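Breakdown of the fold
Residue strings, one per chain:
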Amino acid sequence: MKQHWWKVLGVVLVFYTIIWGFLGEVPARFILNESIRATYFHVTMWFSMIILMTASLVFSIQYLSKGNRLADLKAKETASTGVLFSIIGLVTGSLWARFTWGAFWVNDAKLNGTAITLLIYAAYFVLRGSVDDPQKKGRLAGVYNIFAYVMMLVFIGILPRMTDSLHPGNGGNPAFGQYDMDSQMRMVFYPAVIGFALIGVWITTLRIRMQKLIWKKEN
Amino acid sequence: MQQLQKLSFTLFAFLPGIPLLAQMREKPEMADLMRSNGKIYVVVAIAALVFLGIVLYLINLDRRLRKLEKDDK
């Protein structure tokens, strides 16, 4: 049970998010109305994705410097869970946009940026699939993963801030300022990020363990 | 009886003014009603059950993997 404490923590935090995400007080805002609560579920997906992609980057660098196969596997599986979270983030964001901005997809720098990011990471998996030799695959994928991470930062972190964007924190909109979240929302939001990220890590470890078993069988 | 008539008359007299009153205090529309009649708890329960299902599924997967890992050793 000792090594499972973080899984329990993740589950508890997500349950906390579900309960206080709906029942907690939120600031009353025009247009947003109650949909402001989507912050706890939509924005957390992106935060978790960035956490997972950062972990993937670290594993890739680890593989490139040490060359152990496990680090490459870890890099691959964390990126794959990150892609899962970003797809959920994209779909939920699209639904939220329909009822606050008026359309499922608006030509917003951040929306297009995330779509491009998703394609960049899709290419990471295509690249992996197209090389048979594990060492060559690991090296190529590792180098590409560093490139993908930098591109992700550019497309969802830098470019949206330089142009007009509907998202808070971009193009002159304040991010997480007093207009977006009050202290009560923060009390749900940050635990929510940790909770969802831990669930993501859990899913990732399951996939890593599965692949390790497959490797053992092959040998 | 007469009092009741009087009361209902006053109520009806004020009825057309209600939308106006609502307009006067212009506040963002929030789902206060949903919370006041208690049904928001139903939504919370459903969302929690959905997540519980996913967690049970993950635990199940985790257990199966652990069994396979043990058999392998």
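Residues numbered from 1 in each chain as written. Chains lettered and ligands numbered in written order. Predicted model: local features only at pLDDT ≥ 70, side-chain atom pairs only at ≥ 80, totals over all residues. Heavy atoms only, no water.

Before going further, it helps to examine the overall build of chain B. Within chain B, the secondary structure is distributed over four helices and zero strands. Helices and strands in chain B line up, N terminus first, as α-α-α-α. In chain B, which comprises 73 residues, the proportion classed as buried is 14%. Working note: accessible area of chain B is about 6600 Å², and carbon and sulfur atoms make up 67% of it. (Helix = DSSP H or I, 4+ residues; strand = E, 2+ residues; numbered from the N terminus. Buried < 20%, exposed > 50% of the residue type's maximum accessible area, 1.4 Å probe, protein only. Areas by Shrake-Rupley, 256 points an atom, 1.4 Å probe, with all protein chains shown as cover.)

For the rest of this paragraph, the subject is the confidence of the model for chain A. When pLDDT is averaged across chain A, the result is 91; 95% of the residues are at 70 or more. Averaged pLDDT values for the elements of chain A fall to 93 in helix α5 (residues 134-162) of chain A and rise to 96 in helix α2 (residues 39-66) of chain A. (pLDDT = per-residue confidence, 0-100.)

On to a positive patch on the surface. Among the surface-exposed residues, K212 and K216 of chain A together with K70 and K73 of chain B lie close enough to one another that they form a single positively charged patch. Here K73 of chain B is to be found in the segment after α4 (40-72). (Patch = residues over 30% accessible without salt bridge, like charges linked within 9 Å, V, L, I, M, F, W, Y side chains within 5 Å. Salt bridge = Lys/Arg side-chain N within 4 Å of Asp/Glu carboxyl O. Lys, Arg positive; Asp, Glu negative; His and termini not counted. Charge placed at Lys NZ, Arg CZ, Asp CG, Glu CD.)

Turning next to the interface of chain B and chain A. On the chain A side, the residues contacting the 24 residues of chain B number 25 residues. Summed over both sides, the interface between chain B and chain A buries roughly 2300 Å², with carbon and sulfur atoms accounting for 75% of that surface. Looking at the side of chain B facing chain A, the largest losses of area belong to M30, F51 and L58 of chain B, adding up to 26% of the total buried there. The tally of links from chain B across to chain A stands at three salt bridges. Where chain B meets chain A, there are four residue pairs in polar contact (both at pLDDT 80 or more). By residue class, the composition of the side of chain B that touches chain A is 17 nonpolar, no polar and seven charged. (Contact = heavy atoms within 4.5 Å. Buried area = accessible area lost by both parts, 1.4 Å probe. Polar contact = N/O pair within 3.5 Å; in protein donor to acceptor, adjacent residues only side chain to side chain. Nonpolar A, V, L, I, M, F, W, Y, C, P; charged D, E, K, R; others polar.)

This part takes up the nonpolar core. Looking at soluble globular proteins, one finds that nonpolar side chains tend to be buried together. Formed by 41 residues in total, the largest nonpolar core has its most connected members in V11, M53, Y121, M152, I199 and W202 of chain A together with F51 of chain B. Within the residue set of this core, elements represented by two or more residues are α1 (5-23), α2, α3 (69-100), α4 (109-130), α5 and α6 (183-218) of chain A together with α4 of chain B. Setting aside residues up to four positions removed in sequence, M152 of chain A forms contacts with M49, I50, M53, T117, Y121 and G157 of chain A. By size, the runner-up hydrophobic cluster in this structure holds ten residues, among which are I36, V43 and M185 of chain A together with M30 of chain B. (Core = buried A, V, L, I, M, F, W, Y, C linked by side-chain atoms within 4.5 Å.)

It is worth spelling out α2 of chain A at this point. The terminal C-alpha atoms of α2 of chain A lie 40 Å apart, and with 28 residues this matches the ideal 40 Å at 1.5 Å per residue to within 8%. In the segment just after α2 of chain A, G67 of chain A is the residue with positive phi, at about 75°. (Expected span 1.5 Å × (residues − 1).)

Moving on to α3 of chain A. Here α3 of chain A is 32 residues long and its end C-alpha atoms lie 46 Å apart, about the 46 Å a rise of 1.5 Å per residue gives. Looking at the residues trailing α3 of chain A, positive phi occurs at G102 of chain A, about 105°.

A word on the packing of aromatic side chains. All names here are of chain A. As enumerated under the stated definition, the model contains seven aromatic pairs over all chains in all. When the centroid spacing of 5.3 Å and the interplanar angle of 75° are considered together, the rings of F189 and Y190 count as edge-to-face. Judged by relative accessible area, which is 0%, F189 ranks as buried. An aromatic cluster is present here, built from Y124, F125, Y144 and F147 joined pairwise through their rings. Note that R69 overlies the ring of W215, its terminal NZ or CZ placed 4.0 Å from the centroid. Positioned above the aromatic ring of F99 is the side chain of R98, whose terminal nitrogen or guanidinium carbon lies 5.3 Å from the ring centre. (Phe/Tyr/Trp six-rings, centres within 6.5 Å; stacked < 30°, edge-to-face > 60°. Lys NZ or Arg CZ within 6 Å of the ring centre and 35° of its normal.)

Throughout the structure, instances matching the rule amount to eight salt bridges over all chains. Between R128 of chain A and D72 of chain A there is a salt bridge, with the nearest N and O atoms lying 2.8 Å from each other. You can see R128 of chain A sitting in helix α4 and its partner D72 of chain A sitting in helix α3, a full 56 residues away along the chain. The exposure class assigned to R128 of chain A is buried, which follows from its relative accessible area of 8%. With relative accessibility at 7%, the residue D72 of chain A sits in the buried group. Residues joined in a network through salt bridges with shared partners are K7 and R209 of chain A together with D62, R66 and E69 of chain B.

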